[in-house]
Structures are given as C-alpha cells and as structure tokens.
Amino acid sequence: MNKEKLIIIGSGPAGLTAAIYAARADLKPLVLEGQNPGGQLIGTTDVENFPGFPEGILGPELISNMRKQAQRFGARTEFKTVDKVDFSDHNDLKLFVGKETLHTEAVIIATGASARWLNLGKGEEKYWGKGYTACATCDGAFFRDKITAVVGGGDSAIEEATFLTRFSSKVYLIHRRDELRASKAMQKRLFENKKIEVLWNKNVTDLKGQLNLTSVELTDTVDGKTSELNIDGLFMAIGHTPNTAFLEGQLNLHDNKYLKVVNHTHSNIPSVFIAGDCADFRYRQAITAAGMGCMAALDAEHYLTSKG
Ligand code: NAP
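What you see is a predicted model; the values in this text were computed from it and never measured. Along each chain, residue indices are assigned from 1 in the same order as the chain's sequence is written. Selection of residues for local features in this predicted model requires a pLDDT of at least 70, selection of side-chain atom pairs for listing and counting requires 80 or more, and totals for whole chains, interfaces and linings are taken over all residues. Side-chain descriptors were evaluated using all non-hydrogen atoms of the structure, hydrogens and water having been removed beforehand.

Engineer: Kindly report on the side chain of Asp-92, identifying the contributing residues and their values.
Structural biologist: Among the structural elements, Asp-92 can be located in the loop between strand S6 (84–86) and strand S7 (93–97). Using a relative accessible area of 11% as the deciding quantity, one classes Asp-92 as buried. Under this definition, polar contacts are N or O atom pairs within 3.5 Å; protein pairs additionally need one hydrogen-donor-capable and one acceptor-capable atom, and for neighbouring residues in sequence, both atoms have to be side-chain atoms. Reaching out from Asp-92, the side chain makes a polar contact with the side chain of His-103 at a distance of 2.9 Å. Whether two residues are in contact is decided by their heavy atoms: any pair within 4.5 Å suffices. Apart from residues lying up to four places away in sequence, Asp-92 is in contact with Met-1, Lys-3, Asp-86, His-103 and Thr-104. Comment: elements are numbered from the N terminus, with helices defined as DSSP H or I runs of at least four residues and strands as E runs of at least two. Partly exposed residues are those whose accessible area sits between 20% and 50% of the maximum for their type, while under 20% is buried and over 50% is exposed, using a 1.4 Å probe and protein chains only.

This is how it looks when you write it as structure tokens:
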C-alpha cells in the first residue's frame, strides 16, 4: 500500500502556500487541486492588496506563480477531487477520489469556499452560463454594451458592479435591504459611478427568457409588490459557502458549516490541519489564507517530525 506523508486538499492561496512550505521541508506533499484549481483568485482580475506586487497582479497569474513555486521544491499537483474521507485511523487517513483510495499520514484541508446562487427551485440552472453567472471577472466582457445586474450588498457586489461598468452600458445593483453591508470606501466608489443604479429592498424571485436570460422578476421586500427588469446578464455576489460537505461527520464544523479550528490550525484530529477560507468566515483574504497555509504546513511538519 502506497502511503503519502502529507496530502494537501485545495489549490488556492492556502493550499499552495502550505505546499511551498511543506515541499521546502522535504515532505514531498501531494496537492489535490480539485476541479476548479486555484480557488477564488482564478475569478479575480487585479489583486492590488497582496504584498510584494506594487502594481498589482492578476489572480490567475498569482496562483500560477504559487503553483510553480511549490513544484520547484518538489510538490506534486493533481487535478483530483476528494469525494469523502475516513479519518477514523489517525495514522492512516483515507481519502476517496472516485474509485481510488489515497492513504496518508497527515492532511491539510484548504478547500476554500464557493459563491452562493439564488436556489429559487424554479429550474434556474438552465440559465447558468446563459446570462446567469457568479463571476464578473470571468464573464463581464461578454456583456459589452449590454444591461447587467448584480445581486448583493457587500464588498463583492460593489466590486463586481464596478468591474462590469467597464463593459456594460448600465449596471443595476439589486439589494434586499435599504442599507449596504459593504465598507464605506467601496460604497463611495459605487455612488460615484454614474453607470450603476441601486435597486433597494428587492429580491430576485424569478429568472425569465427563452434560451438566454432576458429579464428577472423582482419582489419588493417592503410591500411585496413584483416588477420585471429587463437585463442581459445577472451576476450573483451574495456570499460564499465553505467547501466542507465531504467532511461532515469526520471533523468538527460550526453551525454555518465552516471548519472549527483549535490551537491555530489544528482540527479535532491530531493528523488533520486546516487552512484558509474553509475555516475563515471573518477575514477571507488571499493573504490571510496564504498565512494560514504557511502555519498549517509548519504545524503538520512539527506533527510528522515528532511522530518520527
Ligand atoms: P458578504 O459581505 O457576506 O455580503 C453578502 C451580501 O449578499 C450581503 O449584502 C447580503 O445581504 C446579501 N445576501 C446574502 N444572501 C442573500 C440572498 N439569499 N438573497 C439576496 N441577497 C443576499 O459577502 P461578500 O461581499 O462576498 O464579502 C465577503 C468578505 O470578503 C467580506 O469580509 C468582504 O469585506 C471581503 N471582500 C473585500 C473586498 C475588498 O475589500 N476589495 C472585495 C470583496 C470581498 P444583507 O446585507 O442583507 O445580509
């Protein structure tokens, strides 16, 4: 039976930073990158707040650099997704990837979080990629001179709406309350942009269109009245769900499904460590995820060394 020393699940800044540190410690980590390698940075254009890049850097380029850096020191990366785990034997952790079972002495969970969708239960999946998306950075350019809308009232929603004004002739921001959650600095950016119109106290309650999305039904959260808004693209920015479903029953989770961390990066199992947005619902930044990835690798190294 082939047993790995350390498997890192996830390939965002947390997983790849863990891989750099673990590889430099000669642990020869295996990184399981999943189906959407790179995590949320892959859907980001300019990253302007990651230290070391005074002019900013593109999200995919930052990820690509991190992966190359980890590989340079001996990390192996594979596009595999873990379906379930069995952590009952702390010295022989089992990861199930399709029909394959991987065995390892230690694991770092760095699976991140994914964007939320409306989940109207009205078959809105048929519009995915046909006007209904969660990534302005990825799809914004398809909406040149079109009318688009962003749902949400946080920093992400404003970032997406502002980005879309590069292409769209008009951008609506649809928010369910009469007050934004976003920071004051982002709000200032929003209100200064003449292409963006905020629709307050509105929920999107239906999507319409033959093949592509052409309009949405809005329901007023104050008086319950419905109206129709003609748009070509709808961009979701209503927060994230941690990618932890495959760990339920194996690791301790908070009520919101984020992983519970004890003593910096430890889980409730001594050979399983945690890093990044799968556990962090407070900071959620690339740099904090990377920092936690570093910490998890150091803790995993200490665990493996002291185990002998
Ligand atoms: P967020 O702060 O949790 O905001 C989510 C927004 O979506 C809220 O306005 C919320 O409304 C709304 N919402 C949630 N569920 C909804 C639903 N089912 N229907 C309609 N609206 C719904 O998430 P985020 O904007 O993704 O930001 C996450 C974190 O990343 C934050 O800490 C943020 O500061 C940070 N961030 C920072 C930057 C930056 O500084 N450049 C950029 C992006 C993100 P309510 O307000 O009514 O709850």
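Engineer: Any details on the site of the ligand? Residues and values, ideally.
Structural biologist: Residues in contact with the ligand amount to 17 residues; listed here are only the nearest, Gly-153, Asp-155, Ser-156, Arg-177 and Arg-181. For the ligand, an oxygen atom lies 2.6 Å from a polar atom in the side chain of Ser-156. With respect to the ligand, the side chain of Glu-159 contributes an N or O atom lying 3.1 Å from a nitrogen atom. To measure how exposed things are, a 1.4 Å probe is used in the Shrake-Rupley method; for residues, cover is taken only from the protein chains shown. Protein coverage of the free-state accessible area of the ligand, which is 920 Å², stands at 76%. Note on residue categories: nonpolar means Ala, Val, Leu, Ile, Met, Phe, Trp, Tyr, Cys or Pro, charged means Asp, Glu, Lys or Arg, and polar means any other residue, Gly included. A breakdown of the residues in the shell around the ligand according to their chemical character gives 2 nonpolar, 9 polar and 6 charged. Each of two domains, domain 1 (3–114 + 240–307) and domain 2 (117–236), supplies a minimum of three residues to the shell around the ligand. Neighbouring residues are identified by heavy atoms, a residue being near a molecule or strand if any of them is within 4 Å of it. Domain start and end points were adopted from an automatic or database domain assignment.

Engineer: So what's going on with the packing of helix H4 (residues 155–164) against helix H5 (residues 184–192)? Which residues, and what values?
Structural biologist: In a pair of packed helices, the angle between the axes and the distance between the axes together describe the arrangement. Where H4 meets H5, the closest approach of the two axes is 10 Å, and the angle between their N-to-C directions is 30 degrees. The angle between the axes of H4 and H5 places the two elements in the roughly parallel class. At the point where H4 passes H5, the crossing takes the left-handed sense. Residues Asp-155, Ile-158, Glu-159 and Thr-162 of H4 form the contact with H5, whose participating residues are Met-186, Gln-187, Arg-189 and Leu-190. Among the residues making up the contact of H4 with H5, the classes are represented as 3 nonpolar, 2 polar and 3 charged. Throughout, an axis means a line fitted to C-alpha atoms (over the contacting stretch in the case of helices), and angles, computed between N-to-C directions, take values from 0 to 180 degrees. An angle below 35 degrees is treated as roughly parallel, one above 145 as roughly antiparallel, one from 65 to 115 as roughly perpendicular, and anything else as oblique. Each crossing gets its hand from how the near helix is turned against the far one by less than a right angle, where anticlockwise is left-handed and clockwise is right-handed.

Engineer: Report on the pattern of salt bridges, specifying residues and quantitative values.
Structural biologist: When the charged atoms of two side chains with opposite charge come close together, those side chains can pair. Every case where a carboxyl oxygen of Asp or Glu lies within 4 Å of a side-chain nitrogen of Lys or Arg is listed as a salt bridge. Inspection of every chain in the model, using the stated rule, returns 14 salt bridges. Linking Lys-94 and Asp-92 is a salt bridge whose minimum nitrogen-to-oxygen distance equals 3.7 Å. Classification of Lys-94 as buried rests on a relative accessible area of 18%. A salt bridge links Lys-208 to Glu-228, with the nearest nitrogen and oxygen atoms 3.6 Å apart. Highlighted residues: Lys-208 in strand S14 (residues 202–208) and Glu-228 in strand S16 (residues 226–230), separated in sequence by 20 residues. Using a relative accessible area of 29% as the deciding quantity, one classes Lys-208 as partly exposed.

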